[in-house]
Amino acid sequence: MPTTDQDILQQYADQDYAFGFETRVEMDILPPGLNEDTVRFISAKKEEPEWLLQWRLKGLEQFRRLSKDMPEWQNFKLPHIDFQAISYYAAPKKRKLKSLDEVDPEILATFEKLGIPLEEQKMLAGVAVDAVMDSVSVATTFQEKLKEKGIIFCSMGEAVKHYPDLVKKYLGTVVPYSDNVFAALNAAVFSDGSFCYIPKGVRCPMELSTYFRINASNTGQFERTLIIADEGAYVSYLEGCTAPKRDENQLHAAVVELIALDHAEIKYSTVQNWFPGDKNGNGGVFNFVTKRGICKGPHSKISWTQVETGSAITWKYPSVILQGDYSVGEFYSVAMTRNHQIADTGTKMIHLGKHTRSRIISKGISAGYSQNSYRGQVRVGARADHARNFTQCDSLLIGDKCGAHTFPYIDCQNPTAILEHEATTSKIAEDQIFYLNQRGLDNEKAVALIVNGYAREVLNNLPMEFAVEAQKLLAISLDGSVG
Amino acid sequence: MLLIKNLHAQIEGKPILKGIDLEVRPGEIHAIMGPNGSGKSTLAAVLAGNEQYEVTDGEVWFEGKNLLEMPPEIRAREGLFMAFQYPVEIPGVSNINFLKTAITEIRAYRGLPPLSAKEFMQRLKEKQELVEFNASLVNRSLNEGFSGGEKKRNEILQLAMLEPKLAILDETDSGLDIDAIRIVANGVNKLRSQHNAFIIITHYQRLLQYIIPDYVHVQYDGRIIKSGTKELAYELEERGYDWIKESVQASLE
């Protein structure tokens, strides 16, 4: 029974929306705009429980508060984003499919072009692909095989329906809705994403992989990924991204949360190749992602590896909170920018537990007129005895119109910690290129070889098939950067 | 194999080569000697296609093709190799990967498939022994942290692996101790055949004690001012370069 005026009002409002929503449920795309209706529509459309709707609404409230003062500390001017001009929901028309045969052939064809033949990938690579296209999962594979091991790998939407307790227990515990303006926005309007739970003592037998793709015009992409490795579990997760050419900027504000319990290990690898804008800096994706993991239990480990070549602006700091004693956090990154691309990326390693260790290897590559910044924070709490960090951040410049910047922050409150920081800046020298020319390599091949050599320490951390793809990506992205 | 006619080249408007004429036939070893600043290394760089130098006059024919019209990588694929005086370091690129890439590119140009891993490793093993190259170095990053001598020997290993028609050794002996010079020279002697040729650029005569050239040329002020056989090298060692310089000055006056 409603007890206060507020509750009554709320109930009335809910009914009203529920009523209104009936006519809208047929829609596959929401008109631009962001308000409580938007959030309620998304939640209703996804048949979410009340607690999640309330959580989203809190996210919206935080977003309203935080978006009044957009961040200014980053090393680029944040373009004005009209949040009311974005459409917050788009779904492919056919849904609830039982098998791949039911997937829209056009969508399958698009995946084909992206080089993701689902069936083949299932058979050959042993990769289970949870393909996300414009917010809703259209195909999920290998579910059965994973199920045998008790592994849950599904879309976030399905997880909310089938494993609400797990979702409720962990959602927002690493990246709360109040974390930052884009995390708040994501909490309010997140469309779908991947959910993964590896039970106690289980080693996931295959690389789990999700391909994200922004497709519909003028649609923000708000994925939310949650990965939980229970005690002693291991999982390697791959995220690869491409996007077709667009004239308008597209906002992508995803959230990824990783939770590693006692002796668990999560390896998260990303190859990001979204549309970077044209040569003059028009268009391109804004990649404003919040990625964070927590090593909750002792001896747990979280490792981030990222190869970032796309997007007009890449702005993210995949981080690790090292709470458990003897836990390990790693960050391996290659960020390549060219033309007018901007990257402000790095990591945070927050040492809370004793004997925690972290390792940061960041390789920036700048070409054209691009600006590439490394920003990293290493924090050692008062109780984190014998914490160790090693940071190496290198910058490679191609041409003389680009910029490389480094912003390392260290905050150490424990005298027993050992922190090391190394940094280099170098250029691809003409004599290096000529040397390789003289051995039969053309300019493109020469630069690709040099860049891949430079990035090798990071590429070595990628799973095999991803490493090959990443190497090619670096080479392709450099096309025309040398001359 | 190589025909150079009246070659002129400059860097930043400053003439360095002022009319080089030279012919190299298969099976021959030519030594080019001369005092510092006479343009020996410039000749090597121009032949290899270094774009810092501008060719202002003359022609160069390589196996009947116009060498000057080719970008450097095509010259390499056509079979021209230069052992660098200062080999560059390329961090993160393993020597093996680099060699494999280079061989694959050159073979592809000639319409040949890449060597299989087995064939490649076999050839590498053979050539390593040939040039007495420390096996552990091939797994390291290209020239990174190599000593001066190791870098030079790596050049000779590459020469052995790539099997060029014409190899130009640009002051490969500079900075090497006598043992390293002997190893480099042995490598060249084992690699020479009736089908390939060498141009050895050196400041000193000592390398030529181990590699016996068919011809010795003296380059001075951008021209070849004297050519002869190996005896010319001995004469230069004894008398220095001044007597040649003087005779050139005299002929100009």
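Structure shown above.
The present account deals with the structure reproduced in this document. (Residues numbered from 1 in each chain as written. Chains lettered and ligands numbered in written order. Predicted model: local features only at pLDDT ≥ 70, side-chain atom pairs only at ≥ 80, totals over all residues.)

1. Describing the overall build of chain A
Looking only at helices and strands, chain A features 13 helices and 21 strands. For chain A, the residues scored as buried account for 52% of the 483 residues in total. Sequence separation of at least 24 residues holds for 81% of the intrachain contacts in chain A that already meet a minimum separation of 6. (Helix = DSSP H or I, 4+ residues; strand = E, 2+ residues; numbered from the N terminus. Buried ≥ 20, exposed ≤ 12 C-beta atoms within 10 Å, placed from the backbone. Contact = placed C-beta atoms within 7 Å.)

2. What to know about the packing of helix H5 (residues 148-162) of chain B against helix H6 (residues 178-191) of chain B
Residues and elements named next belong to chain B. Relative orientation of the contacting elements H5 and H6 amounts to 5°, with a least axis distance of 10 Å. As the angle between them shows, H5 and H6 are arranged roughly parallel. The segment H5 lies against H6, with Gly149, Lys152, Arg153, Ile156, Leu159 and Ala160 engaging Ala180, Ile183, Val184, Gly187 and Leu191. For the contact of H5 with H6, a count of residues per class yields seven nonpolar, two polar and two charged. (Axes fitted to C-alpha atoms, helices over the stretch in contact; angles between N-to-C directions. Parallel < 35°, antiparallel > 145°, perpendicular 65-115°, else oblique. Nonpolar A, V, L, I, M, F, W, Y, C, P; charged D, E, K, R; others polar.)

3. Overview of the interface of chain A and chain B
With 16 residues of chain A at the interface, the matching set in chain B holds 19 residues. Elements that contribute at least two residues to the side of chain A that touches chain B include exactly helix H10 (430-437) and helix H11 (443-454) of chain A. By residue class, the composition of the side of chain A that touches chain B is six nonpolar, five polar and five charged.

4. Structural notes on H10(A)
Of all the eight residues making up H10(A), six are buried; the element is thus mostly covered by neighbouring parts of the structure. Along H10(A), the positions that sit buried rather than exposed are Gln432(A), Ile433(A), Phe434(A), Tyr435(A), Leu436(A) and Asn437(A). Elements that come into contact with the buried residues of H10(A) comprise H11 of chain A together with helix H2 (72-78) and strand S7 (90-94) of chain B.

5. Overview of the sheet that holds strand S1 (residues 2-11) of chain B
Sheet strands line up and pair through hydrogen bonds in the backbone, either parallel or antiparallel. All names here are of chain B. Pairing within the open sheet is antiparallel, and its four strands lie in the order S2-S1-S4-S5. Edge positions in the sheet fall to strand S2 (14-24) and strand S5 (65-66), since each of these pairs with one other strand and no more. Packing of helix H1 (residues 40-48) onto the sheet brings it into contact with S1, S2 and strand S4 (54-62), and relative to S2 it is tilted by some 75°. (Pairing = 2+ DSSP bridges.)

6. A word on the pairing of S4(B)
All names here are of chain B. With seven bridges joining them, S1 and S4 adopt antiparallel strand pairing. Opposite Ala9, over in S4, you have Val55 as the bridge partner. Alignment of S4 against S5, held across two bridges, turns out to be antiparallel. Across the sheet, the residue bridging to Phe62 is Lys65, located in S5. Adjacent in sequence and paired antiparallel, S4 and S5 are bridged by two residues, among which Glu63 carries a positive phi angle near 50°.

7. Section: the environment of Val202(A)
Residues and elements named next belong to chain A. Note on placement: Val202 falls in the loop between strand S4 (194-198) and strand S5 (208-213). Its 20 C-beta neighbours within 10 Å are what place Val202 among the buried residues. With 186 residues separating them along the chain, Val202 and Arg388 place their C-alpha atoms 29 Å apart. Sequence-distant contacts of Val202, that is, excluding residues within four places in its chain, are made with Lys149, Gly150, Ile151 and Ala233.

8. Quick notes on the packing of helix H2 (residues 36-45) of chain A against helix H3 (residues 50-66) of chain A
Residues and elements named next belong to chain A. H3 packs onto H2 with a crossing angle of 150° between their chain directions and a minimal axis gap of 10 Å. With respect to their mutual orientation, H2 and H3 come out roughly antiparallel. Judged by the twist between their axes, the crossing of H2 over H3 is right-handed. Between H2, through Glu36, Val39, Arg40 and Ser43, and H3, the contact on the second element is made entirely by Leu52, Leu53, Arg56, Leu57 and Leu60. (Left-handed = near helix turned anticlockwise from the far one by under 90°.)

9. Some words on unusual backbone geometry
Residues and elements named next belong to chain A. Phi at Glu47 takes a positive value of approximately 50°, unusual for a residue other than glycine. With respect to the helices and strands, Glu47 occurs in the loop between H2 and H3. The class of Glu47 is exposed, set by 9 C-beta atoms lying within 10 Å. Even without a glycine there, the phi angle at Asn339 is positive, about 45°. Relative to the assigned elements, Asn339 resides in the loop between strand S15 (328-337) and strand S16 (342-351).

10. Section: the environment of Ala335(A)
All names here are of chain A. In this fold, Ala335 is placed in strand S15. Along the primary structure Ala335 and Ile361 are separated by 26 residues, whereas in three dimensions their C-alpha atoms are 11 Å apart. Not counting residues up to four positions away in its chain, the partners in contact with Ala335 are Glu308, Thr314, Ala343, Thr345, Gly364 and Asn372.

11. What to know about H6(B)
Residue pairs spaced three or four apart in an α-helix point in one direction, given the helix's 3.6 residues per turn. Residues and elements named next belong to chain B. When the terminal C-alpha atoms of H6 are compared, their 20 Å separation across 14 residues agrees well with the 20 Å that a helix rising 1.5 Å per residue should span. Within the sequence span of H6, burial applies to Ile181, Val184, Ala185, Gly187 and Val188. Considered in projection along H6, the buried side chains sweep an arc of 155° and stay on one side of the axis. Exposed side of H6, more than 90 degrees from the buried face: Asp179, Asn189 and Lys190 are the residues found there. (Expected span 1.5 Å × (residues − 1). Arc of directions from axis to C-beta.)

12. Concerning the environment of Tyr88(A)
The topology assignment puts Tyr88(A) in the loop between H3 and helix H4 (105-113). With 54 residues separating them along the chain, Tyr88(A) and Leu34(A) place their C-alpha atoms 7.5 Å apart.

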